[in-house]
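Tertiary structure, described
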Amino acid sequence: MEPDGGGRRVEAERVVARDPLSAMTPRFNFFFRWFANYFFRDIQLDDATVQRLRDLESQGSVIYVMRYASRLDYFLFNTLFVRHGLRLSNFANGFHFDYYQPLWTVLRQRLGSWRWLRRGAGRALRPEQRETVRALVADGESLFLFLRTERLRSWLRGRRHVAQAERSDRDLLREAVGEVWPGGRPLHLVPLALFWRKGPRNERRFLNLAYGAPTRPSDLAKVTSFLLNYRELAVKVGEPIDMAGFVEERRERGLDAVVRMVRRSILIFLYRQEKVVEGPTLRPIHKVQEAVLSSPTLERAIEAQARTRQRSREAARADAESMFREIAAQMNSTFLALLNQVVTPIFRRLFVSVDTSGLEQVAGYARSNPIVLVPNHRSYFDFLLLSWLFYGNHLVPPHIAARENMAFGPFGFVFRRAGAFFLRRSFEDPLYKEVFRAYVAYLVKEGFTQEFFIEGGRSRTGRSLTPKLGMLSWDVEGFLAGSRADLFFVPVGITYERLVEEGAMLDELAGGTKQRESVAGLLRARKVLRRRWGSAHLRFGEPISLAAAIGDRRGRFAAEANADDVAEKRRFIEQFGNRIVERINEVTVASATSVAAAAFLGAARRGLLRHELVRSMQQVIDLLTLQGVQLTPALERDRGEFDDSISFLLRNDLIRRADDPRGDVLYFEEGKRGLLDIYRNAIAHFLARPSFLARRLLVGGSRDELAADLGFWNEFFYHEFFTPTCDGSDPVLQPLLDHFERIEVVERRDDYYRAAEKGHDYLGALAAQTVGLIEAYAAAFQSVLVHEELGTTKQLVRRITEAFARNELLGQVESSEASNRTTFANALDALVRRGVLVRQHTKNAREASFQRGPAFDELPGLCDRLAGVLGDR
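As the structure is a computational prediction, the values presented were derived from the model and not from experiment.

Thresholds, definitions, all that
The residue numbering used here restarts from 1 in each chain and proceeds along that chain's sequence as written. Given that the model is predicted, a residue must reach a pLDDT of at least 70 before its local features are reported, and side-chain atom pairs must reach 80 or more before they are shown or counted; all residues, however, enter totals for whole chains, interfaces and linings. Processing note: side-chain calculations cover all non-hydrogen atoms of the structure and skip hydrogens and water entirely. A run of H or I in DSSP becomes a helix once it reaches four residues, and a run of E becomes a strand once it reaches two; helices and strands are each numbered from the N terminus. Burial classes follow relative accessibility: with a 1.4 Å probe on protein chains only, a residue under 20% of its type's maximum area counts as buried, one over 50% as exposed, and anything between as partly exposed. Throughout, a contact is declared for two residues whenever any of their heavy atoms are within 4.5 Å. A carboxyl oxygen of Asp or Glu within 4 Å of a side-chain nitrogen of Lys or Arg is what we treat as a salt bridge. Counting rule applied: Lys, Arg positive; Asp, Glu negative; His and chain ends not counted. Nitrogen and oxygen atoms within 3.5 Å of one another constitute a polar contact, given that in protein one can donate a hydrogen and the other can accept it, and given that sequence-neighbouring residues count only through two side-chain atoms. One confidence number per residue, pLDDT, is output by the predictor and ranges from 0 to 100. For two strands to pair, DSSP has to find at least two bridges joining them. Pairing of aromatic rings covers Phe, Tyr and Trp, the last counted by its six-membered ring, and requires centre-to-centre distances within 6.5 Å; plane angles under 30 degrees mean stacked, over 60 mean edge-to-face, and any other angle means tilted. The rule is short: NZ of Lys or CZ of Arg within 6 Å of the ring centre and within 35 degrees of the ring normal puts a charge over the ring. Note on geometry: axes are lines fitted to C-alpha atoms, helical ones only across the stretch in contact, with angles between N-to-C directions running from 0 to 180 degrees. In this scheme, roughly parallel covers angles under 35 degrees and roughly antiparallel covers those over 145, while 65 to 115 is roughly perpendicular and the rest are oblique. With the far helix as reference, a near helix turned anticlockwise by less than a right angle produces a left-handed crossing, and one turned clockwise produces a right-handed crossing. Each residue is assigned to one class: nonpolar for Ala, Val, Leu, Ile, Met, Phe, Trp, Tyr, Cys and Pro, charged for Asp, Glu, Lys and Arg, and polar for all the others, Gly among them. Note that the arc is defined by the directions from the helix axis to the C-beta atoms. By nonpolar core is meant a set of buried Ala, Val, Leu, Ile, Met, Phe, Trp, Tyr and Cys residues that side-chain atoms within 4.5 Å join together.

Each helix and strand counted, the protein has 37 helices and 27 strands in total. Burial analysis of the protein (873 residues in total) assigns 55% to the buried set. Taking as baseline every contact in the protein between residues at least 6 positions apart, the subset at least 24 positions apart corresponds to 77%.

Before going further, it helps to examine the pattern of salt bridges. Summed over the entire model, instances satisfying the criterion amount to 47 salt bridges. The residue arginine 185 makes a salt bridge to glutamate 179 at a minimum N-O spacing of 3.5 Å. In this structure, aspartate 643 engages arginine 610 in a salt bridge whose closest nitrogen and oxygen atoms are separated by 3.1 Å. Residue aspartate 643 is located in helix 28 (residues 643–651), and its partner arginine 610 is located in helix 26 (residues 610–626); the two are separated by 33 residues in the primary sequence. The partly exposed category is assigned to aspartate 643, whose relative accessible area is 39%. Classification of arginine 610 by relative accessible area gives partly exposed; the value is 24%. Through salt bridges with shared partners, one network takes in Arg606, Glu670, Arg673, Asp677, Arg680 and Glu817.

Moving on to the side chain of glutamate 582. Positionally, glutamate 582 belongs in helix 24 (residues 563–587). Despite its burial, glutamate 582 remains without a salt bridge, the nearest opposite charge being carried by arginine 583 at 6.6 Å. One polar contact links glutamate 582 to tyrosine 718, side chain to side chain, over a distance of 2.5 Å. Residues in contact with glutamate 582, not counting those within four places in the same chain, are Tyr718, Phe722 and Pro724.

The predicted coordinates should not be examined in detail at positions where pLDDT is low. Here the protein averages 86 in pLDDT, while 86% of its residues score no lower than 70. Predicted confidence for residues 1–15 stays below pLDDT 50, and this span has 33 contacts to residues more than four positions away or in other chains. A low-confidence stretch, residues 115–125 (pLDDT under 50), is modelled with 18 contacts involving residues beyond four sequence positions or located in other chains.

Now for the sheet that holds strand 27 (residues 849–852). In space, the 3 strands of this open sheet follow the order 25-27-26, with antiparallel pairing throughout. Strands at the two margins of the open sheet, each flanked by one partner only, are strand 25 (791–792) and strand 26 (837–840). Pairing of strand 25 with strand 27 involves 2 bridges; the strand directions are antiparallel. Directly across from glycine 791, in strand 27, lies its bridge partner phenylalanine 850.

All right, on to the packing of aromatic side chains then. Counting across every chain of the model gives 67 aromatic pairs. Considering the side-chain rings of phenylalanine 31 and tryptophan 34, the 5.9 Å spacing of their centres and the 40 degrees angle between planes classify their relative orientation as tilted. Here phenylalanine 31 and its partner tryptophan 34 are both found in helix 1 (residues 30–39), 3 residues apart, which amounts to about one turn of the helix. Seen from the ring of phenylalanine 246, arginine 250 lies directly overhead, with NZ or CZ sitting 3.8 Å from the centre.

Mapped onto the elements of the fold, histidine 537 is located in strand 17 (residues 536–540). Taking the C-alpha atoms as reference points, histidine 537 and glutamate 497, 40 residues apart in sequence, are found 8.3 Å from one another. Contacts of histidine 537, omitting those with residues within four sequence positions, involve Asp355, Gly493, Ile494, Thr495, Glu497, Val589, Thr632 and Pro633. Separated by 3.1 Å, the side chains of histidine 537 and aspartate 355 make a polar contact.

Running from N to C, helix 13 (residues 313–327) and helix 18 (residues 430–446) cross one another at 55 degrees; their axes reach a closest spacing of 9 Å. Here helix 18 runs oblique to helix 13, going by the angle between their axes. Considering the relative orientation of helix 13 and helix 18, their crossing is right-handed. Residues Ala316, Asp319, Ala320, Met323, Phe324, Glu326 and Ile327 of helix 13 form the contact with helix 18, whose participating residues are Leu431, Tyr432, Val435, Phe436 and Tyr439. Grouping the amino acids of the contact of helix 13 with helix 18 by side-chain chemistry returns 10 nonpolar, no polar and 2 charged.

All right, on to helix 1 then. Every buried residue of helix 1 is listed here: Phe32, Phe35, Ala36 and Phe39. The buried residues of helix 1 occupy one face: seen down the axis, they fall within an arc of 95 degrees.

One finds Phe421, Phe436, Tyr439, Phe489, Phe540 and Leu624 to be the most contacted residues of the largest nonpolar core, which totals 134 residues. When residues in this core are grouped by element, the largest group, 10 residues, is from helix 18. In this structure, phenylalanine 489 is in contact with Val372, Val374, Phe452, Leu472, Asp475, Glu542, Pro543, Ile544, Leu546, Phe576 and Ile580, ignoring residues within four places of it in sequence. Counting 61 residues, the second largest nonpolar core, distinct from the first, contains Phe692, Val745, Ala768 and Val771.

Phi is positive for aspartate 653, which is not a glycine, with a value near 60 degrees. Checked against the element boundaries, aspartate 653 lands in the loop between helix 28 and strand 20 (656–658). Its relative accessible area of 41% is what places aspartate 653 among the partly exposed residues. Phi is positive for phenylalanine 722, which is not a glycine, with a value near 50 degrees. Assignment of secondary structure puts phenylalanine 722 in the loop between helix 32 (718–721) and helix 33 (733–742). Residue classification places phenylalanine 722 among the buried residues on the basis of a relative accessible area of 1%.

See below:
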C-alpha cells in the first residue's frame, strides 16, 4: 500500500510496460499535492460513473480519449483516479508528466533514462510510443490518448508540421486498434470532456490567443481559466466504445477505415458536449448584421421600402441596419460570468431553493439539434432563472425574445449582452417585420438556443394565456427556409410558492395601469430582497420535434404555392402553439400555496378549522395524484398534517389564525381572495375536468350524459385551461368516477350516477373551483346580448365589469375574484372563435371594434346554458 496525494492509502500499481515519463503517479510532490488538495477537493466522479469504469477495468484495457493534450486535465484525472481507487494510466502522449512526482523519484527516473536528453522531450520517440501502446493494450492496462497534441509553436511552423503531428497522434490510436484486430482481446475507449469555462466563445479575426491555437488550447489559458472557474468545473464521461464489437461489425472495411470511424465517433461526442456548453461561435455583431441583411427576402423588403417612401435604396438599407441594432443580442461570456456573480446571491436571498427536473434530458437533445425553450410567464424572474440555471449547469444560455420595454436604462445594455434580443409591441412597419424575421431565421440557421414566452406577457390570473403566435411563426419559417434536420421546442413549467410581483398583479387585475419598467422601479424593489419568497420550481417537459409535427408537409409549407397551403400552415402553427401550452400545463407542479388556495376557495366560507383545511388539502392532492401531477418536494414531504405548509401560509400573511375551543380557525381576509385565486389558478387546469364533472353529478346523469357534458365544457373552456380535447370519451372520466365511488361521494345505479348524501359538500367544493369562470362568462355574454352597439374591447370590458358588479349586488355572484379584464377579454375571444362576434379593424382606429357575427343567433342558447348551470348550484 502507498499513500496518495491526499493522504489516502491505495493499492500499489502493477507496472507493465509503464512509460515513466508520462504515466500517472500514485503520489504527487509537495506543490502538486497541495494544489490537488486545495483546488480539486470538491471535484468528484459520481458513483455510477466510478462503478462503470471499474467494470470496464475488470474486463481489460481502457483507453481514455480526449481532444487536446493538457497536463492540467491529466493531473485532474490522476487525482480523481487515485481518490476513487481507479486504475492509473501508464501512458499519455503529448507531454511529460514525471515532474509531478516526488523530486527523488523524478531524478531517479531521469538519470536512468536517456530519452529525456533527446530533442522534443514532450514527444518521446514514435516507435517506442507505438510499442508502449501495444504492450499496454495487450496487458489490459489503462492509458490516455490525446487526439491533438500539437502546440502553438507547432501551428506557427506551418500546416505541414501540424498535419504530420496529427498523423502521428492518429497512429497511436491505430496501434491500439491493431492490437485487438485479430480478435478476442477486450478494449474499451472512453471519451472524456472537461470544461473549465462557461458561455459561448467569441470568434477572433486572427488568432484566439486567450484560448490558444485553433488546434489546441494553450497551457496558460487552461490554467488561467481553471483558476477563475474551478468551482464550477464540469466533467463529462462519454459512453464507452467496445472496440472488440466495433471491429467485428466493421472488419470488412479494413483497419485504417475502422480507425478513422472510431476517431470520428469520439470527435462527434466531444463536439456535441462542447456545443451544449458553448453553443455556436459568437460572431462579431457587424458580421451578424451582414449575414442577416443579405437575406433575399429582406433585400426585396428594402427595395419596397425605398419605393414606398420615395427614398434612396441606401437610406432604406440604413433604416434596416438601425432596426437590426435595435433588435440584435450581443451575448458575451464575460457579461454572463459577471451577471451570474450578481444574480446568484440575489436568488439565494430570494428563494429557499430552486428545484429543477428534466434538464438532463434537454441537454441530451441540445447535443444534436437546436432547441427553443418555451416557458410559461408568471414573473419577471422567469428569464433570469432559466439563463442562470443553464449557465450554472454548463449549458449555453438562450437568446431570449424580450419586449422593448425591458431595454430600459443601463439594464438594456446588460440584458442584450446576456442574450436578450428585443421586439417592438407593434410590427406595423413591414421593413421592421422582415428584419426581425431574418434575425430569427439566422438564430435557427446557426443553431442558437432560443427562449420566448408563448403567452406574450405575464399572466395576471395565474392561468395560461392564449398563445401569441408571432415568435412561433418566425421560428417555423426559419426552420422551413433553412437546412436544419429538426428544431425542438421544450415546454417549461415554472411555479413559485409566492410571486414577488403579487401586489402589482392584483392592482392590474383590478383595473390599475401597468407600471413601466425603470431603474427607479428596480431601486424601489430593494425591499423585495428583505423577504424570502419560498421556492421556485422549474420542470422541463418532453421536447416536441417540429420536423415530426410537420411531417411530409415541409416542402409545401416552405413553398406556399397556393392559398390552401398558406391557410394549412397557419392552422398548423395555431395547433402547434396550443400543443406547447398543453405540455407546459402538464409539467406544472402543484405547490402548497396552490393546494391550500384551492381548498379555501372551494369552501362556502372564508374560515376553516385546521382539521377541515387539512382534509380539503388532502382531497385536492388525491385528485392531482390521480392525474399524475407532480407535487413540489416540500409538499410531498409535508403530506399528512401539512404543518409546514400551513406555517408557510401564516408566515407570509396569506392566511390568519384565530383561537377557538374547537381548534385553530384558519381564515383569509377578503382582500386576499384575488391573491388566492392567482395561486389556485396555477393548478386550475388539473381541477377543471373534476369540477365540471362534479357539477353535473350534483344533478345526476347517465355515463353518456356525463361524458357529453364534460366534453362540452372542456371544449368550451379550452382556451382557459388548455386541457386536451377528445373526439370520444374523455380518458379522465372513468378514473374520476371510480375515484368518487371509492371515497363514497357518488353512488351508481346501473348506468346512472349521482351524488351520494355525504358527497354534496365534497362535490360542491369541487364545483366551486370553476364557478367564478362561469359567472364571468355569463356576465360577458349577457352584456353582448343586450347591447346593439358593441364598441371596442375596452368599452365592452368596462360594461361587462359593471354588469358583473351588479350581479354581485343581487347575490348572483359567489366568486368576486373572477372579475378581471383578462377573463372578460377571453370570453369575447371565445365568441369570436365561435363566429358569434366579428372583430373589425379600421385603418385609423386605435383599437378593433366588435360587430355581430354570422353565428350571433347561438348566443341566447349559450346564455341560457350558463344561467342554467348557475341556477342548479
